[in-house]
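Examining the three-dimensional arrangement
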Amino acid sequence: VIFNSLSATNLSMKYYFTLQFKMLNRKITEFGLPPILGYLLGCCAFIGLSWYLFMKIELANYIYSFLGLSFLSLLTDIKRNDFLKSCFSDNQYYQVRLIENLLLVLPFVAFLILKNNWSIALGMLIISGLSTFLRTNNSLQFSIPTPFYKNPFEFTVGLRKTFFIFIGAYVLTYIAISVDNFNLGAFALGVTCFTTFSFYAEPEEDFFVWTFSRTPASFLLQKIKIALLSLTLLCLPILVSLGIAFPQFWRVLLIFQSLGYLYLVAVLLAKYSAFPRKISVPQGFLLAFGVWLPPLLVFIIPFFYKKSIQQLKQIL
């Protein structure tokens, strides 16, 4: 609808959005899904997670709007906007930015309206419109210090890319303790864990694996040990704070953290079971089943481990 509404004088804008749409379809196809099925699954996942968040968290409307607006930072990079300025006139440039911002927050706004949060939805629309004029330098000129050594490059790189998500999780922990809401603190712990899972989404070059003088089993064991230690370092502030503030829930915290460890191991092994390719659709479905039915991890983890050994034998 947006594409067809662009006038003949904005053919370059229409071409730009058509190209972006085709590139998105190509990425979904490379993942192993027909684009229509990819969009359908994406919508179902978005709606399901949104409902779950509003059912479990009292302050879900504010957290939800924050998550939606945080995605706008992806569109404010200076290099990206310099490229857009070189392609469009000033008027067209701001139109492109406005359309992109609205498309990004529209699903969040629609769900907020569905939950009768009209004022917050309107606020998101206003902020997304104002951010049209915002340009930031996402490629920082300094290195953010991390508690990790050079070996776990996934966590070093991942933390620097998602730094503000962890800051937000720690802030949510403080708010949870202030308002005496354990569920909000548990959500912050879940955000921390699930963010680290994304660190293993992209496979490294097979050369960097080939340089290891290890057997596949030894390589995987070392990777798992480093991943678990790194996740512990990131979750420790939240675990200690919640454990002190809500001592009656320490067993629940241990269960949450243990599940985080199991999911991280499953994601890591899934990555190397497809290496050097990306995780395929069947592997993604297995991981999804493990998330919804944790007991299945007893079978999923050994399966991914055997597949990882087979794949790594060709490289190590």
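Just so it is clear, the model here is predicted, and its values are computed rather than measured.

1. A short note on helix α15 (residues 297-312)
Between the first and last C-alpha of α15 there are 22 Å, a value that for 16 residues agrees with the 22 Å anticipated at 1.5 Å per step. Buried residues of α15: L297, I300, I301, F304, S308, I309, Q311 and L312, and no others. Projection of α15 onto a plane perpendicular to its axis shows the buried side chains occupying an angular sector of 165°, all on one side. In this structure, α15 carries V298, F299 and K306 as exposed residues pointing more than 90 degrees from its buried face.

2. Notes on a nonpolar patch on the surface
The grouping of L37, L40, L41, F194, F285, F289, V291, W292, L293, L296, V298 and F299 at the surface amounts to a nonpolar patch, some 1,200 Å² of accessible area in total. Elements with a contribution of two residues or more to the nonpolar patch: α3 (35-56), α14 (281-292) and α15. It is α14 that provides the largest number of residues to the nonpolar patch, a total of 4 residues. Mapping W292 onto the fold places it in helix α14.

3. Looking at the environment of T156
Checked against the element boundaries, T156 lands in helix α8 (residues 153-161). C-alpha of T156 to C-alpha of S230: the two residues are 74 residues apart in sequence and 9.4 Å apart in space.

4. A word on the confidence of the model for the protein
Per-residue pLDDT for the protein averages 80, and the proportion of residues at 70 or more is 88%. A low-confidence stretch, residues 138-144 stays under pLDDT 50, and its non-local contacts, those more than four residues away or across chains, total 8 contacts.

5. Quick look at the environment of I28
Structurally, the position occupied by I28 is in helix α2 (residues 11-30). Note: C-alpha distance between I28 and Y39 (11 residues apart in sequence) is 8.7 Å.

6. Regarding the packing of helix α4 (residues 60-70) against helix α6 (residues 90-114)
Following both chains from N to C, one finds α4 and α6 inclined at 165°, their axes separated by 9 Å at the closest point. With respect to each other, α4 and α6 are oriented roughly antiparallel. Note that α4 runs across α6; the crossing there is left-handed. Between α4, through N61, Y64, S65, G68 and L69, and α6, the contact on the second element is made entirely by V105, P107, F108, F111 and L112. In terms of residue class, the contact of α4 with α6 is built from 7 nonpolar, 3 polar and no charged.

7. Some details on unusual backbone geometry
One can expect most non-glycine residues to show negative phi and most peptide bonds to be in trans. Residue N116 is not a glycine yet carries a positive backbone phi of 65°. Looking at where N116 falls in the secondary structure, it is placed in the loop between α6 and α7 (118-130). With a phi angle near 60°, D180 is a residue other than glycine that sits in the positive phi range. On the secondary structure map, D180 appears in the loop between α9 (163-178) and α10 (182-197). The exposed category is assigned to D180, whose relative accessible area is 59%.

8. Side note on the nonpolar core
If you look at the biggest cluster of nonpolar residues, it comprises 62 residues, and the most contacted ones within it are F155, Y200, L220, L268, L269 and Y272. Among residues more than four places away in sequence, those in contact with Y272 are E154, E204, V209, F219, L220, K223, S308, Q311 and L312. Core analysis: the second largest hydrophobic core is formed by 8 residues, F17, Y93, V96 and I99 among them.

9. With respect to the state of the cysteines
Summed over all chains, the structure comprises 0 disulfides. There is no disulfide at C235, and the cysteine sulfur nearest it, in C193, is 3.8 Å away.

10. Thoughts on the side chain of S50
Here S50 lies in helix α3. Within polar-contact distance, the side chain of S50 engages the side chain of Y64 at 2.9 Å. Setting aside anything within four residues of it in sequence, one finds S50 in contact with Y64 and F111.

Cut-off values and rules
- Each chain has its residues counted from 1, following the order in which its sequence is written.
- In keeping with the model being predicted, local features are shown solely for residues with a pLDDT of at least 70 and side-chain atom pairs are shown and tallied solely at 80 or more, while totals for entire chains, interfaces and linings include all residues.
- Hydrogens and water are ignored here; the side-chain numbers use all heavy atoms of the structure.
- In this description a helix means any DSSP run of H or I spanning at least four residues, a strand means any run of E spanning at least two, and both kinds are numbered starting from the N terminus.
- Multiply 1.5 Å by the residue count of a helix minus one, and that product is the helix's expected span.
- Type-normalised accessible area, obtained with a 1.4 Å probe on protein chains alone, sets the label of each residue: buried when under 20%, exposed when over 50%, and partly exposed for intermediate values.
- Note that the arc is computed from the directions linking the helix axis to the C-beta atoms.
- Residues with no salt bridge and a relative accessible area higher than 30% make up the patches, which join like charges within 9 Å and nonpolar side chains (Val, Leu, Ile, Met, Phe, Trp, Tyr) within 5 Å.
- Accessible areas in this description were obtained via Shrake-Rupley with a 1.4 Å probe; residue shielding takes into account the shown protein chains only.
- Between Lys or Arg on one side and Asp or Glu on the other, a salt bridge is scored when a side-chain nitrogen of the former is within 4 Å of a carboxyl oxygen of the latter.
- What pLDDT expresses is the predictor's confidence in each residue, scored from 0 to 100.
- Only heavy atoms enter the contact rule, under which two residues are in contact if any of them lie within 4.5 Å.
- What counts as an axis is a line fitted to C-alpha atoms, over the stretch in contact for a helix, and the angles between N-to-C directions run from 0 to 180 degrees.
- In what follows, roughly perpendicular refers to angles from 65 to 115 degrees, roughly parallel to angles under 35, roughly antiparallel to angles over 145, and oblique to any angle outside these ranges.
- Whether a crossing is left-handed or right-handed is set by the direction in which the near helix is turned from the far one by less than a right angle, anticlockwise for left-handed and clockwise for right-handed.
- Residue type decides the class: Asp, Glu, Lys and Arg count as charged, Ala, Val, Leu, Ile, Met, Phe, Trp, Tyr, Cys and Pro as nonpolar, and the leftover types, Gly among them, as polar.
- What makes a nonpolar core is a set of buried Ala, Val, Leu, Ile, Met, Phe, Trp, Tyr and Cys residues whose side-chain atoms join them at distances within 4.5 Å.
- Cysteine sulfur pairs qualify as disulfides if the two atoms are within 2.5 Å.
- Polar contact is defined as a pair of N or O atoms within 3.5 Å, subject to the rule that within protein one atom must be able to donate a hydrogen and the other to accept it, and that residues adjacent in sequence are counted only when both atoms are side-chain atoms.

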